[in-house]
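Architecture and fold: a report
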Amino acid sequence: MEYNKDNNDIQELINRYDQFLNSDGDSYLDADEFAELAEYYSDELGDDNMAQEIIDQALEVFPDALCLLAFKARFCLLYGADTDKAEQYIERAQDKSDIEYHYVKAEIILTRDGGHAADDYLVGYYADVIQHESQSEIDDYFFDVANLFFDYEEYTLCMEWLQRSFRKEGSDYLYLYARTLFRMGVADESEKIFNQLLNDYPFEVDLWQDIALAQFVQDKIPEAITSLDYALAIEPDNEDAIYNKELLMLMLGSDQSTSGQTVQLSH
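Scope of this entry: the structure provided in the associated data block. (Residues numbered from 1 in each chain as written. Predicted model: local features only at pLDDT ≥ 70, side-chain atom pairs only at ≥ 80, totals over all residues. Heavy atoms only, no water.)

**Observations regarding the packing of aromatic side chains**
How two aromatic rings sit relative to each other is set out by the distance from centre to centre and by the angle between their planes. Note the following rule: Geometry of aromatic contacts follows a simple scheme: Phe, Tyr and Trp rings, the Trp one being its six-membered ring, pair when their centres are within 6.5 Å, and the pair is stacked under 30 degrees between planes, edge-to-face over 60, tilted otherwise. Put simply, DSSP H or I for four residues or longer makes a helix, DSSP E for two residues or longer makes a strand, and each gets a number counted from the N terminus. Relative accessible area decides the class of each residue, using a 1.4 Å probe on protein chains only: under 20% of the type maximum gives buried, over 50% gives exposed, and in between gives partly exposed. A ring has a charge above it when a Lys NZ or an Arg CZ is no more than 6 Å from the ring centre and no more than 35 degrees off the ring normal.
Per the counting criterion, the structure on display carries 16 aromatic pairs. Seen in terms of ring centroids, Tyr17 and Phe34 are 6.4 Å apart; in terms of plane orientation they differ by 90°. Their pairing is edge-to-face. With Tyr17 in helix 1 (residues 7-22) and Phe34 in helix 2 (residues 31-44), this residue pair connects regions lying 17 residues apart in the sequence. Both residues of the pair, Tyr17 and Phe34, belong to the buried class. A centroid spacing of 5.3 Å and a plane angle of 75° characterise the contact between Phe20 and Phe34, whose relative ring orientation is edge-to-face. Taken together, the residues Phe20 in helix 1 and Phe34 in helix 2 connect sequence positions 14 residues apart. By the burial criterion, Phe20 is buried, and Phe34 matches it. Among the aromatic side chains, those forming a connected cluster through ring pairs are Tyr103, Tyr125, Tyr126, Tyr141, Phe142 and Trp161. Geometry around Trp161 places Arg164 over its ring, the cationic atom sitting 4.1 Å from the centre.

What follows is the structure, given as structure tokens:
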């Protein structure tokens, strides 16, 4: 639900990256660390230009590293849906047996040909390779593929892969399952699962906001405001929670419901 590297670890990566820039070309980071730092700049700081600069510099040192080429390929898909360029990047990877290569290939197919074509590719890869692995690795594959389809808003396919899983009680599984239910219009059931997760993660701001969204679309405005109050008690400066609470307070004051409206909360 959130970036799992603590501030000290990230600062160490940044410091070593600065050393790399000030050196004569000696690498102070390996390929995975370059990719991790780029992901931090992109996902956490919203600085895609810096992320691309880091990856481009890393590729000069590790030109066939899969993690770096996967980052470039996904960037091509995200900004411009350039499947040809994305394919050029991923085909430069030295290790095409790695599962990450196949995930990127599926994303390229999905962008170019649609969700069902990507599903066929991933089912084929499962039949050829994954089904022969351990149960744990099979379940990881089901979950990762479900996440992939969720990210591309293919919620029906996401749910199909989630339902293949043999472990349906883990928090990561339940969180993705609840979010998928919500996107499929089953807000009441998703709210129940989010509340179940709060028993183990009562200070998770994203969960309180997810619950507020589920309550909002069910016209449970006072309950949604209360959920946002909990989110703000944990993180008072959360801009999304502040904006959403103000919007809901205005709606409550004007006695409006969400039925037939296009109002959307920020998340």
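**A look at the pattern of salt bridges**
Defined as follows: Within this document, salt bridges are pairs made up of a side-chain nitrogen of Lys or Arg and a carboxyl oxygen of Asp or Glu, the two lying within 4 Å of each other.
On inspection of all chains with the given rule, the structure shows 14 salt bridges. Between Asp56 and Lys72 there is a salt bridge, with its nearest N and O atoms 2.9 Å apart. You can see Asp56 sitting in helix 3 (residues 48-61) and its partner Lys72 sitting in helix 4 (residues 66-78), a full 16 residues away along the chain. What makes Asp56 partly exposed here is its relative accessible area of 36%. Salt bridges linked by common partners bring Glu87, Glu91, Lys105, Arg112 and Asp113 together as one network.

**Observations regarding unusual backbone geometry**
Working note: non-glycine residues mostly have negative phi, and peptide bonds are mostly trans. Despite not being glycine, Ala81 shows a phi value in the positive range, around 50°. The exposure class of Ala81 is partly exposed, given its relative accessible area of 42%. With phi around 60°, Glu153 is a residue other than glycine that occupies positive phi space. Relative to the elements of secondary structure, Glu153 occurs in the loop between helix 8 (135-151) and helix 9 (155-162).

**Here we look at the nonpolar core**
One broad rule of soluble globular proteins: the nonpolar side chains tend to lie buried together. Just so we agree on the cut-off: By nonpolar core is meant a set of buried Ala, Val, Leu, Ile, Met, Phe, Trp, Tyr and Cys residues that side-chain atoms within 4.5 Å join together. Contacts were defined at the residue level, with two residues in contact if any of their heavy atoms lie within 4.5 Å.
Membership of the largest hydrophobic core comes to 53 residues, with the highest contact counts inside it found for Leu122, Tyr141, Val145, Phe149, Cys158, Trp161 and Leu248. With residues near it in sequence (within four places) discarded, Leu122 still touches Tyr103, Ala106, Tyr141, Val145, Phe149 and Trp161.

**Considering helix 7 (residues 115-128)**
Condition: One less than the number of residues in a helix, times 1.5 Å, gives the span that helix is expected to have. To be clear, the arc concerns the directions from the helix axis to the C-beta atoms.
With 14 residues, helix 7 ought to run about 20 Å at 1.5 Å a step, and its terminal C-alpha atoms sit 20 Å apart, in line with that. Looking only at helix 7, the buried set comprises Gly115, Ala118, Asp119, Leu122 and Tyr125. On an axial view of helix 7, the arc spanned by its buried residues comes to 125°, and they lie on one face. When the buried face of helix 7 is taken as reference, the exposed residues oriented beyond 90 degrees from it are His116, Asp120 and Asp128. Residues of helix 7 that are buried make contact with helix 6 (99-113), helix 8 and helix 9.

**Observations regarding helix 9**
Burial runs high along helix 9: six of the eight residues are buried. Those residues of helix 9 that are buried lie in contact with helix 7, helix 8 and helix 10 (171-183).

**Considering the environment of Ile108**
Relative to the helices and strands, Ile108 is located in helix 6. Residue class for Ile108 comes out buried when judged on its relative accessible area of 1%. The residues touching Ile108, leaving out its near neighbours within four places in the chain, are Leu77, Thr83, Ala86, Glu87 and Ile90.

**Regarding the packing of helix 5 (residues 83-90) against helix 6**
Put simply, the rule is: Axes, fitted as lines to C-alpha atoms, cover a helix only where it is in contact. Angles between the N-to-C directions of the axes lie from 0 to 180 degrees. Each angle receives one of four descriptions, namely roughly parallel if under 35 degrees, roughly antiparallel if over 145, roughly perpendicular if within 65 to 115, and oblique otherwise. Left-handed is the label given to a crossing in which the near helix is rotated counterclockwise from the far helix by less than a right angle, and right-handed is the label when the rotation is clockwise. The nonpolar class holds Ala, Val, Leu, Ile, Met, Phe, Trp, Tyr, Cys and Pro. Asp, Glu, Lys and Arg form the charged class, and all remaining residues, Gly among them, are polar.
Where helix 5 meets helix 6, the axes come as close as 10 Å, and the angle between the chain directions of the two elements is 170°. With respect to each other, helix 5 and helix 6 are oriented roughly antiparallel. Judged by the sense of rotation from one axis to the other, the crossing of helix 5 with helix 6 is left-handed. On helix 6, the residues that touch Thr83, Ala86, Glu87 and Ile90 of helix 5 are Tyr101, Val104, Lys105, Ile108, Thr111 and Arg112. In the contact of helix 5 with helix 6, the residues fall into five nonpolar, two polar and three charged.

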